[in-house]
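Spelled out from the first residue to the last, the chains are:
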Amino acid sequence: MDEDTRSGEPVRDTTVRDTTATADVTGTTGDGAADPRRWRALAVLAMVQFMFTVDSSIVNVALPSLQRDLGASTADLAWVVNAYVVTAGGLLLLGGRLADLWGRRRMFLLGTAIFALASLASGVAANTGMLVASRFGQGLGEALAAPAALSIIVLTFRDGREKARALAIWGGLSGLGATVGVLLSGALTELAGWRWIFLINLPVAAVALLLAPRLVKARPGSGGGRGVDWAGAVLVTTGLIALISALLSAGHRGWGTSATLIPLGAGLAALAAFLVVQARAASPLVPPRFFASRVRLSANLATVTLASGMAATMFLLTLYMQNVLGYRPLATGLAYLPFCVAFLGGLMVSTVLTDRLGTALTSGAGLVLSAAGMLYVALRMSVAGGYAVDVLPAMVMIAAGLGIAFPALQNAALHGVTDEDAGLGSGVQTTMQQLGSALGLAVFAAIAIGRTGAALEAGDSSSAAAVSGYRWAFLAAAGALVLASVLVSATVWRAGADRTRKPAA
């Protein structure tokens, strides 16, 4: 799964076509010898991927600090997270296709440069509007650079053992990035200020922009813009942005206001148009035939729910620990260490469970365990709560459950795919993860905002009202995970798809 996680359909298309002996594609020099630059090229490409992964999680612990500095609302904070994720997820498959057509090195350098400029704008943002706009720019940069980088790696290392080693390094750094992002966020926010969580990207991007042209030989793509589903990419991204805007507005203003109904209608119309375009386009981002399998469809829907639960947990627990329990940013970052350890432990356990029990029981059990953790924290959290008793057990259950469910859902999402569709399947699943994070965060943040407002009107203190909002959001997230567990378990079990694939590494 890892080698295709961010590549999507483009890797599938180019694996057959790009067979010429060039250093950036085959990993060999003109005389057929292995290019000695390939491992240094991997180091640069993986360093940028590590930066992207760190940036997807580094903002969480800094949210309360930038909220105070910029006067941001809870909805603004949700946009700070979602602007990045929804853009990267919505344009991911398009970015891979453009790398195919216009050259991988070119798109990698362009995406990295855009990401660096957007990081600079985020670091010097004078208000939340500027910060959110620059986060959209960061998401665009990742969507262009990440698929191109992985395509270069997959097609550079032609030897099976070397490729496995390279992809293990790539996947390991990606996983490590999420942990480092949380810890780095706490340390930088407390010791240097929240702006440095963005400015730290600049030297990394500068090194990559300097070294990549020397280590990765340029090779032109297939050229032109034919075969690019521009309309599909624009519709799905703008539709999700409008839908998220409506959800967050509903939390503040209610469902009956024009500020909610107009973006809601526009978002639903754009997503409906996206489905029509996908059915008629010559080269759609996601061919409708891919979801003809009920197993793949239910697994991807469950992935959306899983990703939304993880995003909601990081968002809500961070606000609870800092705004209610009074934790400093560094202490908050360290408080997430057990979460990261439990998540990694769940990933390792998942492989064993899937081999013995199948994907249906494994994914269902993981989702239910995470739901139990969310229910626990919803029932235990209070203004006078404590970390060891009220937060830590929930963290461990949520993280372990997510780690168990995630690889099993990856396997189900690839049920029955051919070699032709393997890259598409993994690219779609990665897109579902990112879009699920954005959409789920909007839903649960809207629930928390709405309930907090109602509690304030009833006379509760600000802390008590905030806790009430977090509690309702966690209860909703727990219910969503249970429903996802039932859906995917029943579908996979009925289809007899439990053991059609080996567990993902």
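Coordinates for the structure precede this section.
The notes below deal with the structure included here. Here the structure is a predicted model, which is why all the values come from computation and not from measurement. (Residues numbered from 1 in each chain as written. Predicted model: local features only at pLDDT ≥ 70, side-chain atom pairs only at ≥ 80, totals over all residues. Heavy atoms only, no water.)

Attention now moves to the side chain of Asn60. Among the secondary structure elements, Asn60 is positioned in helix H3 (residues 38-70). Asn60 sits in the buried class, given a relative accessible area of 7%. Ignoring sequence-local partners within four residues, the contact set of Asn60 consists of Met314, Phe315 and Thr318. (Helix = DSSP H or I, 4+ residues; strand = E, 2+ residues; numbered from the N terminus. Buried < 20%, exposed > 50% of the residue type's maximum accessible area, 1.4 Å probe, protein only. Contact = heavy atoms within 4.5 Å.)

Here we come to the packing of helix H12 (residues 294-324) against helix H16 (residues 387-413). Between H12 and H16, the least distance of the axes is 10 Å, while the angle of their chain directions is 160°. Compared by their axis directions, H12 and H16 come out roughly antiparallel. As for how H12 packs across H16, the hand of that crossing is left-handed. Residue-level inspection shows Val295, Arg296, Ala299, Asn300, Ala302, Thr303, Leu306, Met310, Thr313, Leu317, Tyr320 and Met321 of H12 in contact with H16, the latter providing Tyr387, Val391, Met395, Ile398, Leu402, Ala405, Phe406, Leu409, Ala412 and Ala413. (Axes fitted to C-alpha atoms, helices over the stretch in contact; angles between N-to-C directions. Parallel < 35°, antiparallel > 145°, perpendicular 65-115°, else oblique. Left-handed = near helix turned anticlockwise from the far one by under 90°.)

Once that is clear, we can look at the packing of H3 against helix H5 (residues 104-123). Packing of H3 against H5 brings their axes to within 12 Å, and their N-to-C directions diverge by 40°. Put simply, H3 runs oblique to H5. Judged by the sense of rotation from one axis to the other, the crossing of H3 with H5 is left-handed. Residue-level contacts link Leu45, Val48, Met51, Phe52 and Asp55 of H3 to Phe108, Thr112 and Phe115 of H5. Taken together, the residues that form the contact of H3 with H5 break down as six nonpolar, one polar and one charged. (Nonpolar A, V, L, I, M, F, W, Y, C, P; charged D, E, K, R; others polar.)

Counting across every chain of the model gives three salt bridges. The salt bridge involving Arg135 is made with Asp55; its shortest N-O contact spans 3.2 Å. Highlighted residues: Arg135 in helix H6 (residues 128-156) and Asp55 in helix H3, separated in sequence by 80 residues. Accessibility classification places Arg135 together with Asp55 in one group, the buried group. Salt-bridge contacts for Glu190 lead to Arg328; the nearest nitrogen and oxygen are separated by 3.8 Å. Of the two residues, Glu190 is situated in helix H7 (residues 160-191) and Arg328 in the loop between H12 and helix H13 (329-335); the sequence distance between them amounts to 138 residues. For Arg328, a relative accessible area of 53% translates into the label exposed. (Salt bridge = Lys/Arg side-chain N within 4 Å of Asp/Glu carboxyl O.)

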